[in-house]
Amino acid sequence: LETACARVPRALEVGAKKLFCGPESFTPDLAPIVGEVPELPGYFVAAGLNSIGILSGPGIGRALAQWIVDGYPDVDVSGMHVARLHAYQKNKAYRRVRVVESLGKVYKCHYPNTPTETARGAKRSPLHERLAAQGAFFRDVSGWEAADWFAGRGSVSRNGELTWGRPSWFQHW
C-alpha cells in the first residue's frame, strides 16, 4: 500500500486504505464457465472469469438472465458453455496441473496452434499407436489425443516455434 501511495500520492486523499488479494477462478482453458449445469436443471453458473469479472460480468449477466427467462441465450455462448467440460476434467489431479499451465499462459502471447502440455492422454483411439508410428503430432481435443499433422514414418513430430505465420510443420499438414 505504501509503494502504491508513493507512486500515486493522491490515493492517500481518496480513501484507499486496504488492498485485498482474493482467490482467482481460472479454468482449464481460460474461458469462463457459463450456463445451465447439465446435471442440475435450473442451476445456472457464471464463473471462471479469470480477473475480468468486472469487465465481462455485465455482458455475461445479461446473457445469463436472457437464458434463464427465455430458456436459451440470445448470443453465442459456445466458447464458454459449461457443457464443454467433460467428466475426465472433474478430478483434482487434472485440474491441479492444467490450471497451473493455463494460469502461466494468461499474460503470454496467445499464438494460434499453441498445444496444451499437461493433463494429457485422458482418451486414446484404438488407432493411436498406428498414428504415432506414422509420426503424428497429437493435440488434446476434448480429452482425445488427436493427430493434428504427420512428420512422416519414423520421424519425431515436434510442434516447433510458435508463430503468427506459417508454422514449421505446415508442409506436413
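Note that the coordinates shown come from a computational prediction; the quantities given were computed from them, not determined experimentally.

The rules we used
- Residues numbered from 1 in each chain as written.
- Predicted model: local features only at pLDDT ≥ 70, side-chain atom pairs only at ≥ 80, totals over all residues.
- Heavy atoms only, no water.
- Helix = DSSP H or I, 4+ residues; strand = E, 2+ residues; numbered from the N terminus.
- Rg over C-alpha atoms; globule rule 2.2 N^0.38 Å.
- Buried < 20%, exposed > 50% of the residue type's maximum accessible area, 1.4 Å probe, protein only.
- Areas by Shrake-Rupley, 256 points an atom, 1.4 Å probe, with all protein chains shown as cover.
- Lys, Arg positive; Asp, Glu negative; His and termini not counted.
- Charge placed at Lys NZ, Arg CZ, Asp CG, Glu CD.
- Core = buried A, V, L, I, M, F, W, Y, C linked by side-chain atoms within 4.5 Å.
- Contact = heavy atoms within 4.5 Å.
- Polar contact = N/O pair within 3.5 Å; in protein donor to acceptor, adjacent residues only side chain to side chain.

Undergrad: So what about the overall build of the protein chain? Which residues, and what values?
TA: Looking only at helices and strands, the protein chain has four helices and four strands in total. For the protein chain, the N- to C-terminal ordering of α and β elements is α-β-β-α-α-α-β-β. Against the globule reference of 16 Å for 173 residues, the protein chain gives a C-alpha radius of gyration of 21 Å, more extended than a compact globule. By principal-axis analysis of the C-alpha atoms, the protein chain measures approximately 70 × 45 × 30 Å. The buried share of the protein chain, reckoned over its 173 residues, is 28%. Working note: accessible area of the protein chain is about 11900 Å², and carbon and sulfur atoms make up 60% of it. The averaged location of the 16 negative side-chain charges in the protein chain is 6 Å from the averaged location of its 21 positive side-chain charges.

Undergrad: Describe the nonpolar core, listing the residues and the values that go with them.
TA: In this structure, Val34, Leu49, Ile60, Leu64, Trp67, Val77 and Met80 together form the largest nonpolar core, which totals seven residues. It is helix H2 (residues 53–70) that provides the largest number of residues to this core, a total of three residues. Contacts of Val34, omitting those with residues within four sequence positions, involve Val45, Ala46, Ile60, Leu64, Trp67, Met80, His81 and Val82.

Undergrad: How would you sum up the environment of Leu30? Please name residues and give values.
TA: By the element assignment, Leu30 lies in the loop between helix H1 (2–7) and strand S1 (33–36). With 72 residues separating them in the primary sequence, Leu30 and Ser102 have C-alpha atoms 6.3 Å apart.

Undergrad: Any chance you could break down the side chain of His128 for me, citing the residues and the numbers?
TA: Take His128: it is sitting in helix H4 (residues 128–133). In this structure the side chain of His128 is engaged in a polar contact, spanning 3.3 Å, whose partner is the side chain of Glu129. Once residues lying within four places of it in the same chain are set aside, the contact partners of His128 are Phe138 and Glu145.

Function cannot be inferred from these measures alone, as they are strictly geometric.
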